[in-house]
Structures are given as C-alpha cells and as structure tokens.
Amino acid sequence: MTATHIAPAEPRTAAPATDASALTGKRRIAFASFVDENYLPGFLALLRSLALSNPGVCEDFIVLHDDLKPSSVASIRALHPRVSFRRVDAEHYDSYAKGDQDNYLVRKAYFILDVFKIRDYDTVITLDTDMVVLGSLSELLSLREGLAAVPQFFYGQHKLNSGLLVIQKEYLSDEFYARIDHVGRTGAYELDKHDQGILNAVLDGGFVRLDPKYNFVKRRLSGDLAVPEDTAILHFTGRHKPWQGGESGYDKAQERWREFDMTDAELHAAYVAAGGTTHRDLLVHFGTPYVERTGDVDTARRVALAHIGAGDYQAAVDIMERVHIPVDEAWPHEVYGHALLAVSRYDEAKAQLLLATAAPNRAATAFARLALISWVHGEDAAAHKHAVQGLTVDPTHRASRIWHQRTIGMPAQQSGSAAEQLAHVAFYMDRQGNAGDKLLPESVRLAFDADTTNRRWHSVHAHRLFDEAALERVNARRGMVIGGGGLFIPDTMPNGNSAWQWNVPDELLERIDVPIAVYAVGFNAFDGQSYRAQRFRESLRLLVEKSAFFGLRNHGSIEKVRAMLPAHLHDKVRFQPCPTTVTRQLVADWQDPVKRDDTILINAAYDRAALRFGHDYGYFLAQMAKAVRELGDLGEVQCVAHSLDDERIAFDLRREHGVSLPVIPMYDFENDEIRELYARTRLVIGMRGHAGMIPFGCGTPIISLISHPKMAYFLRDIERPEWGVSVHDRNLAEVLVERSRDLLADHAKTVADVHGRQQELWKITQANAADLRTILGG
C-alpha cells in the first residue's frame, strides 16, 4: 500500500555549485531517537545492537534530547562515530499534553515529533530507545517513498505503531509538520495513543505497511514465548523496561536485550570478532581502542585497511606502528607496506613487502607493490623482475601483469630537440585501462600542437617520483604542461609528497624554472571522499604560485580549489574546458558523420561503487533494466565499457533482470577508434565523466547518469543541466526514457544544440590558447 498523497516538500535553498550531495542526488540517510537520562541505558543497548546486528551499516545518528549530561553525551559518542545532538522544544510540546504535563511517558512520546523538523536528510529512520536491533535493516535503508511503519498489533491495519518510522523527504517538510502541530494543539487525536494518535489522525491510514518483524512488540510474547528468529527489531513496549528489572512473563525476550548490556570493551571485542562485512567507520571506531588495549595484529591490519579505503594513509601507518608484527605474519606486513608506500616512505615499505612475499597467498600482491615502488623510482628493470616474480606465484594476478606490461618495450622519450619540446605531466593509461584516461593526454596535446608525438613532447608520468633527474630533463624543455584529467584526486595512486596524483616534492616543484601551464585539470573527489587537507593545500598553493597558467576544466573544480587558496591567488584560477569537449575543433580534417548508427550506448562505472550508489544499487539496476527495455524501441541499446569493470552492468542486468546487452570493449580501442565510435552513435547515456565529455566533443547528444559531482559541473557549464539524471532519481527509468525520446525526436536539432554548446567552450579555449602562446611560445 502506498501512503496518502503529501504535497512535495518545499525546495531547499539552491545548493552551492560544490554541494556534492545536492549535485549527485545521493540520498542522505539518518537514524534518529529521542533520548533522556531515564532511557539512556536503553539507548546505549540500542546502539550496541545496531552495530552488532548490522556491522556494515553506519549512517548518521541524530539524538534528539531535552537535556543530557556531558557524561551521557560522551557515553553515546563512544558507541557511534557519526552521532549528532539536537535539542527539542519541550515547552512547545507541553501544549499538546491535555493536562498530562507530569506524565513522563506522554511528554517523551511527543518529543520524537521533532524528527519532522529535520530538513537536511532525505530519509530518516526513527528507533525508540526501548528497542534492540536483532536483524538486517537493509530493506528499511532501501525504502525510497512514503512514510513507512508497522501497523499496531492490537488496533488493526488502520493505525501505525510509531516506535519505528521510515520517513522520506516529502514528510520532512514545514507543511507536514504544520499539520502535526495543528492536530497536537487542537487535541484532535486519541489521548491514550499520544504521538501515535497524532500521526494516525494526520495520516488516516495512509502509510506504507512494514512487516511486523521490524517493530515486533514485546506484548506479542506474553507467556514467555521465544522471540521469532526473523525478528529484525524487538520493541519493549510498556512501562517495565529491561534495564529497570523487566516484567514477568517475558524472560526470553529480556534475555535478548541483555545480549547488548555490555561494557565498551566487550562491544569492541564483539564487533571485531563478528564475521561478515564491516563498515570502515565502525571498524575504526571500535577497532582502534581494541588494538590499543590488546595489541592484536589482525585487528590492526583490518583497521589499517579501513583507513586505506578512506584515503587516510597516515592513520593506517599509525595503527600498524602500534603493534608488533611477527616475522611470519605476511598479511599485516603487506598492509603495512601498502600504507607506507602511500605516504612515500618507500624504503620502509620495501622492507615490509619483502617480508610479505614469504607467504604464497600474499606474495603476488606484495611483489606487485614492490614493482610499483621500483617503477615509481624509474627502475624499470627491477620493476619488471618483481612483476615476473608476482606472475610466477600467480599467473592470473592482474596487478603483476599490468606492471609486467608497463615495463616491457618502453618507448623512447626524446626524438626531437629538447629546446623545442614541452614537458607533459599526465596519467598515461595502460592497455586495457580506462578509455577516457587513455585519450586525454593526446587531447591535451592537440590543444597546443597538431603534432602529439615525442618529437614535440616529453612525457612525464604523473605517478612517477619527480626526482633530480626528472627536474633536469624538464628544465631543459621550453615549458611544462600539466593535464588533463582529474589529477586532483587522493587515491588513484596515493603519495605523501603532494597528496594528489603528481608525485612531486615541494622542493623540486620550487626549482622548476620553465613556464608551467596547468591545463584542464579536474577536482575529482567523490561525494564522501576527502583529501589529507594540509599536505594537499600546501602543494596546491605552491603549484598555483609557480604556474603561469592555471586552468581547471569546470567551475565546480574552480570553486573547490579557490576555497583552498589564499584570496590573492583566486584570480589565477581560470576556466579551461577539457579538450575532449572540443574534439571536433582539435582533430585535423574532422568530418562529422554523414549517417549515424541506430544505436544508444550506455556506460556505467563501478570504481568506488559505495560512494556512487550508497544503498541504491539494487534500485538503480532495476530502473536501468526497465529503461533499457523501453529504449530498445528507440534504437539498439549497447553497453560501452571504458574499463573492464564497466562490463558489470551487462552481467548484472542479465543475471538479475534477464536483460541482455552487447558489450563494446572500448578499453581495447585506440584513440581514433574511441572518437569514431562516439561520433557515429545517436545518443550516449554515460556515468563516467568522459563517457559524456568525449561524445559531446564528437558532436553526439548525451545524457549523464550522475553519480559524481563532476558530471553536474560539466552540464552546468554548458547550461544543459537537463541532460543529466541522478542515479538515485525516484523516477530514473521514466526520466531517462523521456529525455532520450526528446533528444532523439529531432536528432538534427539536438546535434545542432550540441555543436552550439561546444562552440562556446571553443571560444574560451581559443582565448586561453592566445595567452598560452605568449607564455610558452609556439
């Protein structure tokens, strides 16, 4: 059953161009409870039960309260890493109480209504403080519409029990709260049900029915019945609470509550001992004090991996330095080596990784990391040797194979005069790497010179350590270009020298004495991803100071970067569109296709999937299945894979929904093939940034599946935000098909619009090119 109609919430104030969640549409989810001193023991048990029953879940938790002691606040913070506190207006709710102001349970029931004043989340799940969580809440986290609750056990399907509510954003509105407030003030509800009475009066049965297992009330177990195994949330309704001694006739239920009546140390031990997927925030929160208390090596390894996954590499090093790792414990040595590598403590990293090679199950990974360290230092022969060692242990090991291929047949760097060359710092993609990143270096070069070969360019791989020899080679050129792509991202190849993709120490950057042009670089942090702020800020500031030209590829990146710089440097940061977006203007003798294939290409990205999809991947996949079926009436739908991982959408659609898509392995394409394919299709629906920018640059209409702010940044810059749809959109399939139909209805007109938008970017590129000719010559 669906909820009764509620008018949409008032639109929030227009978000800044850099508000990541507003741009991606990613759902913001929070739990909420009203907590006071009387119910504090119950709430602490609730938090423990949530962590132990759902170890992979760590959403924000809002504590509504009238007044809590500092010691109580501290005890709550110790049990949840993402808790916040908001005071309720107690006096306001006294006007609801109909003479029951002294009835503590009545007042407590009203205070939870403050949850309907929350405006900064899309989904709020209320949990009463006399509950414990016994099973998975994944179904609740995936709910996207309405106000959901369990019907009252004794009062029929018409009324809800408000201990557990799943509230969507249309109910988190001033309009809906005004309705609650009116009913509360006028007393138009059943007195004995208090907050349930108010909500039932407002909703009149219009709520989404949940299975009773999500609010299984204690009174159903009268006669000391056992708690059903599938119970997800057990609710100790009534006046007699387990922490107050409980109530006779419910011993088996109260035994379940006592499972979570434990000390913090016991909770830490229970959490790290639990199997299954753990959330990195919870693992860090509970695992760190556990390691400090016990010195447990395996838990330190797990906590370090959690830090590495979050991009906090120094914290990973710190936790590993707190424990003694036995010589024969290979996995901790390998993780410690990984962390040391990420902060550029290379010699120490090598020592740890060599120890890890002793164990067959960790050796291939350790050898691959050793190959990486050697390659970073320009030692290709040593890197090749380590890669071969890794493949000897495991012939299928992908990272070892990448390093093996990277260190054979290295192209000659210089075929022209150094004085005529520009040095070019970029991420040079390997074979079968991301197709967009493969095309980018050549596209940047085309913006400067029709000759993109080593005759005119000296390649500097961003991920290699920029050392004295590299400095000497660069200073022998006539200038340096840095770009393109999202080089301002912390985790593709982490280093402790800059904290972004170019592995350059400050002291060597200072000594570059040729003009530097930063060209079409992007700030690529995901929604929920952060940098090691201080190191990045220092490196960024120095780079801007040294640069004669500093161009970023969208205004969102410009705002992000300017926010990290002192005011006097803001004007140096300018807009330079990604050169892929003006491909038709850059490629010599470009010819628009006379006839296009009757195809619609779809691209989905899976790197950092948790940051892209949150709890909505199942929803996204179902919506894409529906969309693909309908898009089939408009053209042949094909999957275009920029990287190997991008093929997953085809596998998942076939397995989960019986929808089959042919897969185009673009990761195997040469640059001309990439451009040719995108130029001759009719429409591209892409999730990767360059699954939008490259086809746009080739004159092809696009729709962006937005899971990263940069997609929205680009569409804002070309003044076509309607060409994007969030992967979290409530009507994703419908919107996708409708917009595709609109763009294809008059294809010639749409292509002309693409050309017109591109022409505006080309004007900016040409104006910048005039400045660059003055700066770099040529």
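Residues numbered from 1 in each chain as written. Predicted model: local features only at pLDDT ≥ 70, side-chain atom pairs only at ≥ 80, totals over all residues. Heavy atoms only, no water.

Peer 1: Report on the overall build of the protein, specifying residues and quantitative values.
Peer 2: Counting secondary structure elements, the protein contains 32 helices and 23 strands. Against the globule reference of 28 Å for 778 residues, the protein gives a C-alpha radius of gyration of 29 Å, in line with a compact fold. Viewed in the frame of its principal axes, the protein has a C-alpha envelope of about 90 × 70 × 55 Å. Here the protein holds 778 residues, and the buried ones make up 60% of them. Here the contacts in the protein between residues at least 6 apart in sequence split such that 72% fall between residues at least 24 apart. For the protein, the exposed surface amounts to about 30400 Å²; the carbon and sulfur share of it is 49%. Considering the protein, the positive charge centre built from 88 side chains and the negative charge centre built from 103 side chains are found 2 Å apart. (Helix = DSSP H or I, 4+ residues; strand = E, 2+ residues; numbered from the N terminus. Rg over C-alpha atoms; globule rule 2.2 N^0.38 Å. Buried < 20%, exposed > 50% of the residue type's maximum accessible area, 1.4 Å probe, protein only. Contact = heavy atoms within 4.5 Å. Areas by Shrake-Rupley, 256 points an atom, 1.4 Å probe, with all protein chains shown as cover. Lys, Arg positive; Asp, Glu negative; His and termini not counted. Charge placed at Lys NZ, Arg CZ, Asp CG, Glu CD.)

Peer 1: So what's going on with helix α2 (residues 40-53)? Residues and values would help.
Peer 2: For an α-helix, 3.6 residues make a turn, and residues three or four places apart therefore share a direction. Along its 14 residues, α2 runs 20 Å from first to last C-alpha, staying within 8% of the 20 Å computed at 1.5 Å per residue. With 11 of 14 residues buried, α2 lies mostly within the body of the structure. (Expected span 1.5 Å × (residues − 1).)

Peer 1: Give me the lowdown on the confidence of the model for the protein, citing residues and values where you can.
Peer 2: Here the protein averages 91 in pLDDT, while 93% of its residues score no lower than 70. With pLDDT under 50 throughout, residues 1-5 is counted as low confidence; its partners more than four residues away or in other chains account for 16 contacts. Across residues 7-16 the pLDDT falls below 50, and counting only partners more than four positions away or on other chains, this stretch makes 14 contacts in the model. (pLDDT = per-residue confidence, 0-100.)

Peer 1: Break down the environment of F613 for me, with residues and values.
Peer 2: Locating F613 in the fold gives a position in helix α25 (residues 609-613). Spatially, the C-alpha atoms of F613 and R27 are 9.0 Å apart, while their sequence positions differ by 586 residues. Setting aside residues up to four positions removed in sequence, F613 forms contacts with A605, Y606, F620, M687, V727 and H728.

Peer 1: Quick one: what's the story with helix α15 (residues 346-356), residue by residue and with numbers?
Peer 2: Buried residues of α15: Y346, A349, Q352, L353 and A356, and no others. Projected onto a plane normal to the axis of α15, the buried residues spread over an arc of 125 degrees and lie on a single side. Against the buried residues of α15 lie α14 (330-342) and α16 (360-376). (Arc of directions from axis to C-beta.)

Peer 1: Tell me about the packing of aromatic side chains, residues and numbers included.
Peer 2: Applying the stated criterion across every chain, the model contains 24 aromatic pairs. Arranged with centres 6.2 Å apart and planes meeting at 75 degrees, the rings of W500 and W502 form a pair that is edge-to-face. Of the two residues, W500 and W502, neither departs from the other in class, the shared state being buried. Over the aromatic face of F207 sits the side chain of R209, whose NZ or CZ is 4.0 Å from the ring centroid. The cationic tip of R720 hangs over the ring face of W723; the distance from NZ or CZ to the ring centre is 6.0 Å. (Phe/Tyr/Trp six-rings, centres within 6.5 Å; stacked < 30°, edge-to-face > 60°. Lys NZ or Arg CZ within 6 Å of the ring centre and 35° of its normal.)

Peer 1: Which residues make up the packing of helix α19 (residues 435-446) against helix α28 (residues 671-680), and what are the values?
Peer 2: Helix-helix packing is described using two parameters, namely the angle between the two axes and the distance between the axes. At a closest axis distance of 9 Å, the pairing of α19 and α28 adopts a crossing angle of 100 degrees. The angle between α19 and α28 falls in the class roughly perpendicular. Each of A435, K438, L439, E442, S443 and L446 in α19 lies in contact with α28, whose residues at this interface are N671, I674 and R675. Counted by class, the contact of α19 with α28 contains four nonpolar, two polar and three charged residues. (Axes fitted to C-alpha atoms, helices over the stretch in contact; angles between N-to-C directions. Parallel < 35°, antiparallel > 145°, perpendicular 65-115°, else oblique. Nonpolar A, V, L, I, M, F, W, Y, C, P; charged D, E, K, R; others polar.)

Peer 1: Hey, could you go over the pattern of salt bridges for me, with residue numbers and the actual values?
Peer 2: What the rule picks out here adds up to 46 salt bridges. Between D174 and R119 there is a salt bridge, with its nearest N and O atoms 2.8 Å apart. Of this pair, D174 sits in helix α7 (residues 174-186) while R119 sits in the loop between α5 (104-111) and β4 (123-127); the two residues are 55 residues apart in sequence, bridging distant segments of the chain. Where R730 meets E170, a salt bridge forms, and the shortest distance between an N and an O atom there is 2.7 Å. Remark: E170 occurs in the loop between β7 (160-168) and α7 and R730 occurs in the loop between β23 (724-726) and α31 (732-745); sequence separation between them is 560 residues. What makes E170 buried here is its relative accessible area of 13%. A cluster of three or more residues bridged by salt bridges with shared partners is formed by D607, R608, R612, D646 and R688. (Salt bridge = Lys/Arg side-chain N within 4 Å of Asp/Glu carboxyl O.)

Peer 1: Could you give an account of the pairing of strand β15 (residues 516-523), naming the residues involved and the relevant values?
Peer 2: Within β15, eight of the eight residues are buried, which leaves the element mostly enclosed by the surrounding structure. Direction of pairing for strand β13 (residues 480-482) relative to β15: parallel, over a ladder of three bridges. Bridged to M480 within β15 is I516. Pairing between strand β14 (residues 485-488) and β15: two bridges, direction parallel. Residue pairing for β15: G485 is matched across the bridge by V521. (Pairing = 2+ DSSP bridges.)

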